[in-house]
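Each chain, letter by letter, is given below.
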Number of protein chains: 2
Amino acid sequence: MVTSRDVAQLAGVSQMTVSRVLQGSDKVAAATRERVLAAMQEAGYRPHAAARTMRTRRTSTVGVVVADITNPFYPQLLEAVGQALEAACQRMVLWNAPDPGGSSALQALDEGTVDGLIFTTITEGSDQLADALQRGEPIVLLHRGLDSLDCDQVTTDNLTGGRAVADYLVATGHTRIGFLQGPELTSTARHRERGFRDRLAELGHPLAAELTGQGGFAHDLARSAMRELLAQDDPPTAVFCANDLTALGAVDGAVSMGRRVPEDVWVIGYDDIAMASWDSYDITTVRQPIAEMARAAVHLLLERVDDRSLPPRKEQFPSELVVRSSTARTEVR
Amino acid sequence: MVTSRDVAQLAGVSQMTVSRVLQGSDKVAAATRERVLAAMQEAGYRPHAAARTMRTRRTSTVGVVVADITNPFYPQLLEAVGQALEAACQRMVLWNAPDPGGSSALQALDEGTVDGLIFTTITEGSDQLADALQRGEPIVLLHRGLDSLDCDQVTTDNLTGGRAVADYLVATGHTRIGFLQGPELTSTARHRERGFRDRLAELGHPLAAELTGQGGFAHDLARSAMRELLAQDDPPTAVFCANDLTALGAVDGAVSMGRRVPEDVWVIGYDDIAMASWDSYDITTVRQPIAEMARAAVHLLLERVDDRSLPPRKEQFPSELVVRSSTARTEVR
């Protein structure tokens, strides 16, 4: 690797002069500066990024932390975040790790190799992250929030989304209504369930314990849970799933038993990932505005990188029920 | 942020002494060193990662470059690469960018913020990458290779995989055989097509131009191309798709026209992503050993980080036809 010493030798100046040129000092004569710059070019010298980072304290790189990259929702969200960052001339680096607290991403932030972090899969109980947030580090929670923390968060209104599904199923005449839950430590699963459960009770159709299963935000778990629901003597006529991946698994569970969707059972998801609208599934779902959420998160983060003293901000986007053929194109029995 | 100046003040020593302690110099008395270390701890001082990188020249971080993160193959591959890196105590950072040459990842390598790079979606014509490879930079091509370059590459035998599909379809009696191509600039699409096309010709059933469409490794393009093939007066009875995402689109194109798979048309994919085996699709495909390939790529890369003078190595894994209900559970007409 070419060093500043090599450049100094080639230009016939001291290393201090090379250093001054790198720092843009006005103590170097124009002719000398040009000689040094020419020598840098000739030698192929690149001021080490590490050194440059130390001077400017900005890397123009944002880290994104995700735990479930094989859930198709996250690649879509990451692509949207990447586009929003690119539009802001920022690079994206990604940590995909089972640890939702992103300890190695926090380390990178601590060490200055990223300017800020966007967490997309946070769960309750990440103490290290809570500490970093309380120190005012530039961190934004996207998609999943933390009820217990006052920090920048961009989410959708999952409570209202869950309520809308309850309204829809009761209005279309269902009384045997099932539910496949998501992991309890995630805000999305908790809020969707609370909205759905509370509204069903208000409407006089409280959720029955025997019609509730754990889908775990995973295709295989949802498929098994759906098969258990459908194997009952009096199975549900409609099943709300806490996210689209769960709904895909639920449809496949039904298909694996020779049941038809929606003739035998309705299935509803949440998120509106691309696959939800593919012909083989065509799933009714609650849409999250993924691109808008990604842009909002990037905007909040870059503002906080510039000014850590800003008060915490919470942006919540509305959700929207999208009806497709996994429910509506048939009459309720 | 706490600086070495703060530490020096707290410890009652010069900044030079703090610097010497950081560098592990033996010119500092033991008692002084302990005072400085205690001051660092008290002040919460962390030697800036950038500075540390300059000293050790290793970041234990590997960059991975991908262009198609919404193709479910890549999240699966990335998860496998992440696990292999974790087992080797390396961190993974990811660049998801439409530029398959990964110019910003190459910049990070150049600047020393990653030790090496794994490219998963390389295409012909990436001059910048070719330059970096010829300089002997620690770079491994995974999944997609470059015929024209002598460098570390981990791929599967896509030629043989394509040939196996031709053998299977001819052996099961098909004569109207269709094909949905992938992007010509990718080695995977080229090799799969060449194997399939050459073997069909050898078997006396050369691929007909009117039964060939462009699936573009994308669900929506594949769906449209399949609809065009099936709208013909004499449509194909079987369609080989250059990857699984294309096959999912092909099935959905058939479904959208009320055609049944496999009763009306057989569909075959390539990769064996998780979705290929989901009940709603259950697609016959050619399996790539994703986890083994990921481990091999990480192994080659870490060896090259240690020793750039190693000769270029090409590892090619075998492929395997996996028969599911998108083809075999029915008789050929």
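Bear in mind that the values here come from a model prediction, so they are computed numbers and not experimental data.

Visitor: For this particular structure, what's the right way to read the side chain of Ser326(B)?
Guide: Residues and elements named next belong to chain B. Within the element layout of this structure, Ser326 appears in the segment after β12 (320–322). A polar atom in the side chain of Ser326 sits 2.9 Å from the backbone nitrogen of Thr284. Here Ser326 is in contact with Val261, Pro262, Val265, Trp266, Val267, Tyr281, Asp282, Ile283 and Thr284, once residues within four sequence places are set aside.

Visitor: Would you mind going over helix α7 (residues 127–134) of chain A with me for this structure?
Guide: Because each turn of an α-helix spans 3.6 residues, side chains separated by three or four positions in sequence point in the same direction. All names here are of chain A. Along α7, the positions that sit buried rather than exposed are Leu129, Ala130, Ala132 and Leu133. Seen from one end, α7 has its buried residues packed into an arc of 160 degrees, which puts them on one side. Exposed residues pointing more than 90 degrees away from the buried face of α7 are listed as Asp127 and Gln134. Where α7 is buried, its residues meet α6 (103–111), β3 (116–119) and β4 (139–142). Looking at the residues trailing α7, positive phi occurs at Gly136, about 80 degrees.

Visitor: How should the pattern of salt bridges be read in this particular structure?
Guide: When their charged atoms lie close together, side chains carrying opposite charge are able to pair. Enumeration over the complete set of coordinates arrives at 42 salt bridges over all chains. A single salt-bridge network, built from bridges that share partners, covers Asp152(A), Glu303(A), Arg304(A) and Arg313(A).

Visitor: I would appreciate a short explanation of unusual backbone geometry in the present structure.
Guide: Most peptide bonds take the trans configuration, and most residues that are not glycine carry a negative phi. Residue and element names in this part refer to chain A. Note the cis peptide between Val261 and Pro262, where omega equals 10 degrees. In this model, Asp272 sits at a positive phi of 60 degrees, which is unusual for a non-glycine residue. Within the secondary structure, Asp272 sits in the loop between β9 (266–268) and β10 (285–287). Residue classification places Asp272 among the buried positions, given a relative accessible area of 12%.

Visitor: Which parts of the structure should I look at to understand the packing of helix α8 (residues 158–171) of chain A against helix α9 (residues 187–202) of chain A?
Guide: What describes two packed helices is the angle between their axes and the distance between those same axes. Residues and elements named next belong to chain A. It is the contact of α8 with α9, at a shortest axis distance of 7 Å, that shows an interaxial angle of 40 degrees. The pairing of α8 with α9 is recorded here as oblique in orientation. In this structure, the crossing between α8 and α9 has a hand that is right-handed. In this structure, α8 contributes Asn158, Leu159, Gly162, Arg163, Val165, Ala166, Asp167, Leu169 and Val170 to the contact, and α9 contributes Thr188, His191, Arg192, Arg194, Gly195, Phe196, Asp198, Arg199, Leu200 and Glu202. Residues that form the contact of α8 with α9 fall into these classes: seven nonpolar, five polar and seven charged.

Visitor: Would you explain the sheet that holds strand β8 (residues 238–241) of chain B in this entry?
Guide: Remark on secondary structure: sheet strands pair via backbone hydrogen bonds, oriented parallel or antiparallel. All names here are of chain B. With parallel pairing, four strands are arranged side by side in an open sheet as β7-β6-β8-β9. The open sheet has two free edges, formed respectively by β7 (212–214) and β9 (266–268), since each of these has just one partner strand. Strand-to-strand twist of the sheet, defined as the mean angle between neighbouring strand axes without regard to direction, takes the value 20 degrees. In this sheet, β8 lies alongside strand β6 (residues 177–181) in parallel orientation, the contact comprising four bridges.

Visitor: For this particular structure, what's the right way to read the packing of aromatic side chains?
Guide: We describe a pair of aromatic rings using the distance from one ring centre to the other and the angle between the two ring planes. Residues and elements named next belong to chain A. The tally for this structure, following the rule as stated, stands at 13 aromatic pairs over all chains. For the pair Phe179 and Phe240, a centre-to-centre distance of 5.5 Å together with 35 degrees between the ring planes defines the contact as tilted. With Phe179 in strand β6 (residues 177–181) and Phe240 in strand β8 (residues 238–241), the pair connects residues that are 61 residues apart, well separated along the chain. Of the two residues examined, Phe179 and Phe240, each falls in the buried class. Every member of this aromatic cluster is reached through a ring pair, and the members are Phe179, Phe196, Phe240 and Tyr270. Positioned above the aromatic ring of Tyr270, the side-chain terminus of Arg192 is 3.8 Å from the ring centre.

Visitor: Got a minute to help me understand the domain arrangement of chain A in this structure?
Guide: By convention, interface size is frequently given as the accessible area that disappears when the constituent parts associate. On domain assignment, one finds that chain A holds domain 1 (4–47), domain 2 (61–156 + 289–318) and domain 3 (158–288). Look at where the C-alpha atoms of domain 1 of chain A and domain 2 of chain A centre, and you get two points 40 Å apart.

Visitor: Help me out: how do you make sense of the packing of helix α2 (residues 15–22) of chain A against helix α3 (residues 30–43) of chain A in this one?
Guide: Residues and elements named next belong to chain A. The interhelical angle for the contact between α2 and α3, taken along N-to-C directions, is 90 degrees, at an axis separation of 10 Å. On the basis of the axis angle, α2 is roughly perpendicular to α3. For the pair α2 and α3, contact is made by Thr17, Val18, Val21 and Leu22 and by Thr32, Arg33, Val36, Leu37 and Met40, respectively. Split by residue class, the contact of α2 with α3 holds six nonpolar, two polar and one charged.

Visitor: Looking at this model, I keep getting lost on the layout of surface pockets. Mind explaining?
Guide: Any space left empty among the atoms is revealed by the rolling of a water-sized probe across them. Approximately 860 Å³ is the volume found for the largest pocket. Around the largest pocket, the lining comprises 45 residues; the ones closest to its centre are Asn71(A), Pro72(A), Pro75(A), Met275(A) and Thr70(B). Broken down by secondary-structure element, the contributors of at least two residues to the lining of the largest pocket are α5 (73–87), α10 (219–230) and α12 (290–306) of chain A together with α5 (73–87) and α10 (219–230) of chain B. For the lining of the largest pocket, the element with the most residues is α5(A), which contributes six residues. Of the residues contributing to the lining of the largest pocket, the split by class is 24 nonpolar, 13 polar and eight charged.

Visitor: I keep staring at the pairing of strand β4 (residues 139–142) of chain B and nothing clicks. Help me out?
Guide: Two faces, one strand: in a regular strand the side chains alternate between the faces of the sheet. All names here are of chain B. On β4, burial covers both faces: Ile139 and Leu141 on one face and Val140 and Leu142 on the other are all buried. The sheet contact formed by strand β3 (residues 116–119) and β4 spans three bridges and is parallel. By the bridge assignment, Phe119 is partnered in β4 with Leu141. Remark: the β3/helix α7 (residues 127–134)/β4 crossover connection has right-handed handedness. In the sheet, β4 pairs with strand β5 (residues 153–156) via two bridges, with the strands oriented parallel. Bridge pairing links Leu141 to Gln153 in β5.

Visitor: Would you explain the side chain of Asp272(A) in this entry?
Guide: At a separation of 2.7 Å, a polar atom in the side chain of Asp272(A) contacts the side chain of Arg287(A). Residue contacts for Asp272(A): discarding those within four places in its chain leaves Asp244(A), Thr285(A), Val286(A), Arg287(A), Val322(A) and Arg324(A).

Visitor: Just to check I follow, could you spell out the sheet that holds β6(A) for this structure?
Guide: All names here are of chain A. The strand order across the open sheet built from four strands is β7-β6-β8-β9, with neighbouring strands paired in parallel fashion. Only two strands of the sheet have a single neighbouring strand rather than two, namely β7 (212–214) and β9. Within the sheet, the average angular offset between the axes of one strand and its neighbour, ignoring direction, is 20 degrees. In terms of strand pairing, β6 meets β7 through three bridges, oriented parallel. Within β7, the position partnered with Gln181 by the bridge is Gln214. This element, α10, spans β6, β7, β8 and β9 of the sheet and lies at about 155 degrees to β6. Its contacts with the sheet place helix α11 (residues 244–256) against β6, β8 and β9, and it is angled at close to 160 degrees to β9.

What counts and what doesn't
- For every chain, the first residue of its written sequence is number 1, and the numbers climb from 1 along that sequence.
- Note on labels: chains are lettered from A, ligands numbered from 1, in written order.
- Given that the model is predicted, a residue must reach a pLDDT of at least 70 before its local features are reported, and side-chain atom pairs must reach 80 or more before they are shown or counted; all residues, however, enter totals for whole chains, interfaces and linings.
- Each side-chain value is worked out from all heavy atoms of the structure, with water and hydrogens disregarded.
- Segments assigned H or I by DSSP are reported as helices when at least four residues long, segments assigned E as strands when at least two residues long, and all are numbered from the N terminus.
- Counting of polar contacts relies on pairs of N or O atoms within 3.5 Å, with two restrictions inside protein: one atom must be capable of donating a hydrogen and the other of accepting it, and residues adjacent in sequence are counted only when both atoms are side-chain atoms.
- Working rule for contacts: check all heavy atoms of both residues, and any pair within 4.5 Å makes them a contact.
- Only protein chains enter the calculation, and the probe is 1.4 Å; a residue is then buried if its accessible area is under 20% of its type maximum, exposed if over 50%, and partly exposed in between.
- The arc in question is the one traced by the directions running from the helix axis out to the C-beta atoms.
- A pairing counts as a salt bridge when a side-chain nitrogen of Lys or Arg comes within 4 Å of a carboxyl oxygen of Asp or Glu.
- For every element, the axis is a line fit to its C-alpha atoms; helices are fit only across the contacting stretch, and the angle between N-to-C directions ranges from 0 to 180 degrees.
- Put simply, angles under 35 degrees are roughly parallel, angles over 145 are roughly antiparallel, angles from 65 to 115 are roughly perpendicular, and the rest are oblique.
- The crossing is said to be left-handed when, going from far helix to near helix, the turn is anticlockwise and less than a right angle, and right-handed when the turn is clockwise.
- Under the convention adopted here, Pro, Cys and the residues Ala, Val, Leu, Ile, Met, Phe, Trp and Tyr are nonpolar, Asp, Glu, Lys and Arg are charged, and Gly plus all remaining residues are polar.
- One requirement defines pairing of two strands: DSSP has to find at least two bridges between them.
- Between the rings of Phe, Tyr and Trp (Trp by its six-membered ring), a pair exists once the centres lie within 6.5 Å; its type follows the angle of the planes, with under 30 degrees stacked, over 60 edge-to-face, and the other angles tilted.
- Over a ring means this: the NZ of a Lys or the CZ of an Arg is within 6 Å of the ring centre and within 35 degrees of the ring normal.
- Residue ranges assigned to each domain were obtained from an automatic or database domain assignment.
- In this analysis a 1.4 Å probe is tested at points of a 1 Å grid over the protein atoms alone, and where it fits but cannot get out there is a cavity; an open set with protein on both sides within 12 Å along at least five of seven lines is a pocket; lining residues have an atom within 4 Å of a point.
- Grid points are joined across faces, edges and corners, and a volume is the space filled by probe spheres set on the points.
- With strands facing away from the observer, any crossover in which the path from the first strand over the helix to the second runs clockwise is taken as right-handed.

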